[in-house]
Amino acid sequence: MAHASKDSVLRLADVRKSFVMHLQGGAHLPVVAGVSLEVAAGECVVLGGPSGAGKSSLLKMIYGNYRCDQGSILVRDGAETVDVANEAPRRILRLRKSTLGYVSQFLRVIPRVSALDVVAASARDYGVASDEAADRAAALLRTLNIPERLWSLPPATFSGGEQQRINIARGFIADHPILLLDEPTASLDAANRAAVIDLIDVKKKKGVALLGIFHDEDVRDRVADRIVDITQFRHAA
Amino acid sequence: MTTLHPGYNFAYLDEQTKRMIRRAILKAVAIPGYQVPFASREMPMPYGWGTGGVQVTAAILGEGDVLKVIDQGSDDTTNAVSIRKFFEKTAGVETTTETARATVIQTRHRIPETALQEGQTIVYQVPIPEPLRFLEPRETETRTMHGLEEYGLMHVKLYEDIATHGHIATTYAYPVKVNGRYLMDPSPTPKFDNPKMDMSPALQLFGAGREKRIYAIPPYTKVVSLDFEDHPFEVNKFDKPCALCAAEGVYLDEVILDDAGGRMFVCSDTDYCETRRAEGHRGEMLGEAPAFVSREPAE
Amino acid sequence: MSALTDDLPLLTVDRLGKNYGSRIGCRDVSFELYAGEVLAVVGESGSGKSTLLSLLSTQLQPTAGAIRYRMRDGSVRDVFELSQAERRFLMRTDWGFVHQDAAQGLRMAVSAGANVGERLMAVGDRHYGNIRHAALDWLGRVEIEADRIDDAPRSFSGGMRQRLQIARNLVTNPRLVFMDEPTGGLDVSVQARLLDLLRGLVADLGLSVIIVTHDLAVARLLSHRIMVMRQGRVIETGLTDQVLDDPREPYTQLLVSSVLQV
């Protein structure tokens, strides 16, 4: 790859993944193979390719949510480098806390907790003091156009778009040096898409490395420094 | 003194049984407050009438002993009279109502007001020896708790008292710690009597017939009533002296005199009260009280 | 948290096994638990997860293996070599146990305040005012109204009883708490409230928890790591979300796919 020389904070080497579906007679479902890519600080890399190509799976593997069959996923964590593909669960949990931010496609709601607190909790987990976490949460919800009357309600009853914005706020509120974005703008209107683009720009300026999936071409072109087409990482037939 | 009944072994129990009980007593004395199991016998009286106390008394009684039996402080209730007669008949020992003269005092629910002396033995009748029983029903568990000195649960009971009544409302069978080690139920004596157990010169023996347990407090043993730092142990206080003998600082019984709310408070220790009256002490209702209370012909 | 103790496990389980005659209760279970970690043990009834919990909490004697615990003084002890007195002391101070049936973990006939205060009295607290104050504080933390302090748990709802049981356990600031299906048998809304409360307490207090449950949603919400048991063995273990979202073993895939979606 052409960008290997840059100061990468995330580096995948020869990563391979397939699913074995035991409930379907052990059917083998190849996802990706031979994935090698790097993301540098302050850079936004977008994964390209059609649905089903394994983009979302790849993000989940970097986050440690999916297993990695082969290869390494090296993440710079302060002075250390952690191989997510081979690390102990508690080290991955620490990595998520200190380094990896993740905006998933769906918000996993916690019963009874208000939208504002769901967002603030994410900052507190990172180590931001309570008061500041609440201030940051309020600012983000305002930026993302969540009406203030909803802030005190649990997000379980929110619309899909509102839930997605809560999710984005959760991902962006902390100061993780690496952010993984799984279609954060999928169900948003133009105004909110623009808001997310602004948020991404701010992160980039702060030197955050971003790796994301954006189906909306306008957004993709606007935020991407590079596009990595992942159809190149196919399992050998 | 009545003649010894020829059909019985001395003090009713056979010698082997007495030896077995004495061994249990020795063990109990060696481990103050510890409940020693013993092979309780059927006695010619119902459970609840003092079968445990009677067996302990029978096991320690010698021909030269002088026996006093009291029930709630009184020498002449049915229970006290029956047990006294029982030993008169089966052991032929001398009996008395006078505390100072007695060498063995069997009691149900009181300790005499006259301070006990060295050489005297007091035998308590005990219905339920286990102080933790009502909080922890499993015998295996209470034994472990005694074994490991885990007595926090007893304070749960006292906590409940304060939470419900604002003060420790347990007035009888008030739990004590013996010799800094074993938690003990002092039998259903009023807590008023608890301080008398502490460092008493007399030997104190406890017998529970139905539950088959014997325990003891040797002379001059520390007996501490449990409490909280901010709710210390206190004995019952009475507003007035005894209406018959004017004694103060003694345990008084309430006696209902009529259907019109008339009542009086008199010594629960009848021997103590009578002795004081004989010495000339006069309470405010002496002479007016009915004969069943004063045991004197009304004037 | 100091860097020194952070890297030492609180609990080390080494090839633990229990046979009931020729029948296997559980076999060859090994894992480490660190401070602040929540480990969920999942599996069907009969999978050995209850046997494992009984072993871990020393209610059962193992037929093989060892459990080592780092005590408050920093020394590491084999829990089955502790004296009975030491073990019981550990159980009511540094450990907690939350039963599925609150009646098993509470004294149903004594007041809520005394239920919470019992552990304090057991470790020698003899000041009524302080005990009551601590009880009130803990009732508040588990969302039980202060005016219920003198009521017996008999008059409490299932959810309240469970919250009281949690307060009763946490009052001595234990470092390790065992939970046996803590939300089992509760209405869904009551469950949600309890789970949320537990989540908060566990995070705030930095508790280490071993929770046995057959409910994967409970495991997902509360635990960091998960251990899947079947026929007495651990068949799969890892990060909770990884095991639930990318299960590898056939049995785990079956378990995950058997969850009803709402």
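Whatever comes next refers back to the structure up there.
What comes next concerns the included structure. As the structure is a computational prediction, the values presented were derived from the model and not from experiment.

Calculation criteria
Residues numbered from 1 in each chain as written. Chains lettered and ligands numbered in written order. Predicted model: local features only at pLDDT ≥ 70, side-chain atom pairs only at ≥ 80, totals over all residues. Heavy atoms only, no water. Contact = heavy atoms within 4.5 Å. Buried area = accessible area lost by both parts, 1.4 Å probe. Salt bridge = Lys/Arg side-chain N within 4 Å of Asp/Glu carboxyl O. Pairing = 2+ DSSP bridges. Helix = DSSP H or I, 4+ residues; strand = E, 2+ residues; numbered from the N terminus. Axes fitted to C-alpha atoms, helices over the stretch in contact; angles between N-to-C directions. Phe/Tyr/Trp six-rings, centres within 6.5 Å; stacked < 30°, edge-to-face > 60°. Lys NZ or Arg CZ within 6 Å of the ring centre and 35° of its normal.

**A look at the interface of chain C and chain A**
How big an interface is tends to be stated in terms of accessible area lost as the parts join.
Argument step 1. Every contact between the two is made by 29 residues of chain C and, on the other side, 20 residues of chain A.
Argument step 2. Across the chain C to chain A interface the summed buried area is about 2200 Å²; carbon plus sulfur atoms make up 49%.
Argument step 3. It is C:Leu239, C:Gln242 and C:Asp246 that lose the most area in chain C upon contact with chain A, and together they represent 26% of the buried surface on that side.
Argument step 4. Here A:Lys17 ties to C:Asp246 by a salt bridge, and the two come within 2.4 Å at their closest N and O atoms.

**Side note on the sheet that holds strand E5 (residues 121–125) of chain B**
All names here are of chain B.
Argument step 1. If you trace the seven strands from one edge of the open sheet to the other, you get E1-E9-E8-E5-E4-E2-E3, paired in mixed fashion. The two strands at the open ends of the sheet, each matched to only one other strand, are strand E1 (36–37) and strand E3 (94–95).
Argument step 2. Looking at chain direction, strand E4 (residues 104–108) and E5 are connected through four bridges and run parallel. Bridge assignment links Gln106 to a residue of E5, and that residue is Val123.
Argument step 3. Contacts from helix H3 (residues 78–90) reach strand E2 (66–71), E3, E4 and E5 within the one sheet, and its direction differs from that of E2 by about 160°.

**Brief notes about the side chain of C:Asp241**
Argument step 1. Take C:Asp241: it is sitting in helix H10 (residues 240–245).
Argument step 2. When neighbours within four sequence positions are excluded, C:Asp241 is seen to be in contact with A:Gly64, A:Asn65, A:Arg96, C:Arg220 and C:Asp246.

**Regarding the packing of aromatic side chains**
Argument step 1. Applying the stated criterion across every chain, the model contains 17 aromatic pairs over all chains.
Argument step 2. Pairing B:Tyr8 with B:Tyr12 gives two aromatic rings, centres 5.7 Å apart and planes at 45°, and the pair type is tilted.
Argument step 3. On the basis of an interplanar angle of 35° and a centroid distance of 6.2 Å, the ring pair of C:Phe97 and C:Phe178 is categorised as tilted. Taken together, the residues span a long stretch of sequence, with C:Phe97 in strand E6 (residues 95–98) and C:Phe178 in strand E7 (residues 176–180) at a distance of 81 residues.
Argument step 4. Among the aromatic residues, ring-to-ring pairing joins B:Tyr8, B:Tyr12, B:Phe86 and B:Phe87 into one connected group.
Argument step 5. Here the guanidinium or amino end of B:Arg181 rests over the ring plane of B:Tyr182, the centre of that ring lying 4.2 Å away.
Argument step 6. For C:Arg141, the ring lying beneath its charged end belongs to C:Trp138, and the centroid distance is 4.2 Å.

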